[in-house]
Each structure stands twice: as C-alpha cells, then as structure tokens.
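Observations on the model geometry
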Amino acid sequence: MSLCEDALLCNLPRCRARLSGFAWVTACSHVFCDQHGSGQFSRSPALCPACGSALSGKLDIVRTDLNPPEDYKGMVLSGLRPHTVLEVTGRALAFWSYQIHQERMYQEYTYSKAEGRLKQMDKVYAQQLQGKDLEVSSSRSEVSSLKKMLEEYKKKYSEVSEKLMDRNRQYQKLQGLYDSLRLRSMAMAGEGDGLVAAAPCGALYGMPLGGTSRFVPMENPARVDSREGDFRHRPPFFGSPAPDGPVGFFGFSPGEDRAPHPQAPNPVPCSSFKMKKI
C-alpha cells in the first residue's frame with residue numbers, strides 16, 4: 001500500500017480485505033473489517049486480534065464510518081480549539097503512518113519469505129538439474145556405446161551374410177552335380193537292365209552256355225600205314241559221345257557259328273540271371 005492510496009486493509013492475517021463502509025478501530029492503532037471486528041470484539045474481555053492487547057477502556061474500540069457524510073465532517077471538530085484540532089488530526093495522521101509502516105513491514109516479510117523459498121527452490125532445482133545432466137551424459141555415453149555395438153553387429157551380419165551366400169552358391173553347385181550324376185547313374189542302370197533282360201537263359205554275362213549246340217564226336221580214323229605216323233587224322237581233345245539230354249555247364253561245340261541242333265529248344269529269355277543295380 002502506497003501513501004497515495006486512501007484505503008485500509010483489515011489487520012487480521014487470514015482476512016487482509018480492503019476496508020469500505022464501517023470498520024473497527026482500536027486504541028493500539030489496528031483496524032478490522034466490520035465482519036471480523038463484530039465477531040472478535042463481542043466477547044469480554046476484548047483482545048486485539050493483531051497484537052493481543054487488552055481493550056478494556058470505553059473508547060479503546062470504536063466502530064467508525066470510513067465514508068462519513070458532509071454534515072458529520074462539518075460538525076465533528078466544530079467548537080474545538082485549534083490546538084485540540086491539531087492534536088486530533090496529528091493522532092489521525094499517526095494512525096495512518098503506523099498502518100502504512102505495518103503494511104510495508106508485512107510486505108517486506110512476505111518478500112523475504114518468498115525470496116527464501118525461491119532460493120531453496122533454486123537450490124533444489126539446481127541439484128535436480130545437475131542430476132539430470134549426469135543422467136543425460138550417462139545416457140549419451142550409453143547411446144554411443146550402443147551405436148558402436150550396432151556397427152559391429154552390422155559388420156558381423158554382413159560378413160555372415162556373405163559367407164551364407166557363398167555356402168548357398170556352393171550348395172547349389174553341388175546339388176546340380178549330384179542331380180546330373182544321379183540321372184546319369186539311373187540311365188546307365190536302365191541300359192544294363194535292358195541288356196541283361198535281352199540275354200537268353202542259356203547264357204551268362206553274354207557267354208553261351210551248354211545246350212546251344214551239341215558236341216558231335218568224330219569217328220575213329222582208320223589205321224593206315226604211313227611214314228608220317230600211325231594215324232592220318234587225330235581226334236579232337238574233347239571228343240566224346242554227346243548224351244541225348246542236356247549237357248554240362250561249360251558244354252560247347254567247336255561249331256559255334258553253325259545253326260543249333262534241330263532237336264534243341266528255342267532259347268527263351270530268363271530273368272534269373274539279371275544283374276542287380278549297384
């Protein structure tokens with residue numbers, strides 16, 4: 001409140017309202033609003049709510065009109081000596097000076113209290129800010145380390161990807177070779193099965209067996225006296241009479257190119273000598 005202001009404030013700390021209309025004024029230079037003054041000064045003995053002074057005198061508490069009418073202003077000091085008028089006005093001005101001083105002291109107290117809170121909050125905020133700065137620096141270092149790890153993992157991933165691609169190419173090449181070899185072996189096995197199936201049952205691995213032609217023995221030559229020897233013709237080494245039935249396993253005849261014997265049966269293919277696929 002400045003000096004140019006002509007309004008008072010209620011001196012009750014929990015009120016601090018601007019006064020207008022009627023107010024309660026005490027001998028200890030305090031003023032209260034009509035609402036709180038009526039409640040506080042209705043009890044006996046009356047005590048000042050601001051300073052706790054006892055107000056036992058008849059004129060220690062006065063309910064006054066802050067906006068008196070003009071006739072009251074003209075008659076309140078009429079008939080008094082100038083000295084009395086100056087004394088009354090001096091005391092009224094002292095009351096205003098005290099109210100202004102109290103208001104200034106209260107504002108200074110409020111300001112100092114707010115400044116202390118502000119300093120305390122600044123200190124707390126500075127500590128919190130320092131802690132946040134440390135957290136941010138640690139987070140930045142952690143992010144940089146994670147970036148380095150990410151780059152290393154990317155590098156390893158690229159190397160592994162290249163190796164995997166090389167292995168895939170090698171696998172495709174080996175798979176192609178395996179397929180070609182499998183097809184070739186299947187083709188060769190099919191041709192071998194066809195050759196074995198076409199061979200007769202009287203042959204083994206393409207060799208003719210007995211029974212295809214009979215060995216016909218030759219007659220013993222006549223003994224003729226000669227200078228070259230006792231015999232004109234020599235019988236073959238395997239010359240022997242051929243039986244009527246089937247011959248042995250290796251029975252054959254020197255005349256392989258000749259036609260088979262009329263009584264020999266036609267060769268029939270047999271599957272008992274087929275080659276097994278290896």
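Scroll up for the structure.
Going through the model one piece at a time under the given rule, you end up with seven salt bridges. Put simply, Asp34 and Arg63 hold a salt bridge, and the shortest N to O gap is 3.1 Å. Of this pair, Asp34 sits in helix α1 (residues 34-40) while Arg63 is found in strand β3 (residues 61-65), placing the two residues 29 residues apart along the sequence. The exposure class of Asp34 is partly exposed, given its relative accessible area of 25%.

Read across the sheet, three strands follow the order β2-β1-β3 without closing on themselves; strand pairing throughout is antiparallel. For this open sheet the edge positions go to β2 (31-33) and β3, each flanked by a neighbour on one side alone. Averaged over all neighbouring strand pairs, the angle between strand axes comes to 30°, with direction disregarded. Of the pairings in the sheet, the one linking strand β1 (residues 22-26) to β2 comprises three bridges and is antiparallel in character. Paired with Trp24 across the two strands is Phe32, which belongs to β2.

A separate point is the state of the cysteines. Enumeration according to the criterion identifies zero disulfides in this entry. Not engaged in a disulfide, the cysteine Cys10 finds its nearest cysteine sulfur in Cys33; these two sulfurs lie 3.9 Å apart. With no disulfide of its own, Cys15 has Cys10 as its nearest cysteine by sulfur position, at a separation of 3.9 Å.

The geometry of an aromatic ring pair is captured by the separation of the ring centres together with the interplanar angle, meaning the angle of the planes. Considering all chains together, one arrives at two aromatic pairs under this definition. A ring pair is formed by Trp24 and Phe41, whose centres lie 5.9 Å apart and whose planes are at 45°; its orientation type is tilted. In this pair, Trp24 sits in strand β1 while Phe41 sits in the loop between α1 and β3, placing the two residues 17 residues apart along the sequence. The burial state of Trp24 is the same as that of Phe41; both residues are buried. Look at Phe32 and Phe41: their rings are 5.8 Å apart centre to centre, the planes differ by 70°, and that puts the pair in the edge-to-face class. Phe41 matches Phe32 in its accessibility class, with the two residues each being buried. Linked through ring pairs, Trp24, Phe32 and Phe41 together constitute an aromatic cluster. Of note, Arg16 hangs over the ring of Tyr106, and the distance from its end group to the ring centre comes to 4.1 Å. Geometry around Phe22 places Arg63 over its ring, the cationic atom sitting 4.2 Å from the centre.

Together, Tyr72, Val76, Leu77, Leu80 and Val88 make up an exposed nonpolar region whose accessible area comes to about 400 Å². Relative to the elements of secondary structure, Leu80 occurs in the loop between α2 (70-75) and α3 (82-198). Taking relative accessible area as the criterion, Leu80 reaches 39% and is therefore assigned partly exposed.

Rules of the game
Residues numbered from 1 in each chain as written. Predicted model: local features only at pLDDT ≥ 70, side-chain atom pairs only at ≥ 80, totals over all residues. Heavy atoms only, no water. Salt bridge = Lys/Arg side-chain N within 4 Å of Asp/Glu carboxyl O. Helix = DSSP H or I, 4+ residues; strand = E, 2+ residues; numbered from the N terminus. Buried < 20%, exposed > 50% of the residue type's maximum accessible area, 1.4 Å probe, protein only. Pairing = 2+ DSSP bridges. Axes fitted to C-alpha atoms, helices over the stretch in contact; angles between N-to-C directions. Disulfide = S-S within 2.5 Å. Phe/Tyr/Trp six-rings, centres within 6.5 Å; stacked < 30°, edge-to-face > 60°. Lys NZ or Arg CZ within 6 Å of the ring centre and 35° of its normal. Patch = residues over 30% accessible without salt bridge, like charges linked within 9 Å, V, L, I, M, F, W, Y side chains within 5 Å. Areas by Shrake-Rupley, 256 points an atom, 1.4 Å probe, with all protein chains shown as cover.

As far as function goes, none of this settles anything; it's purely spatial.
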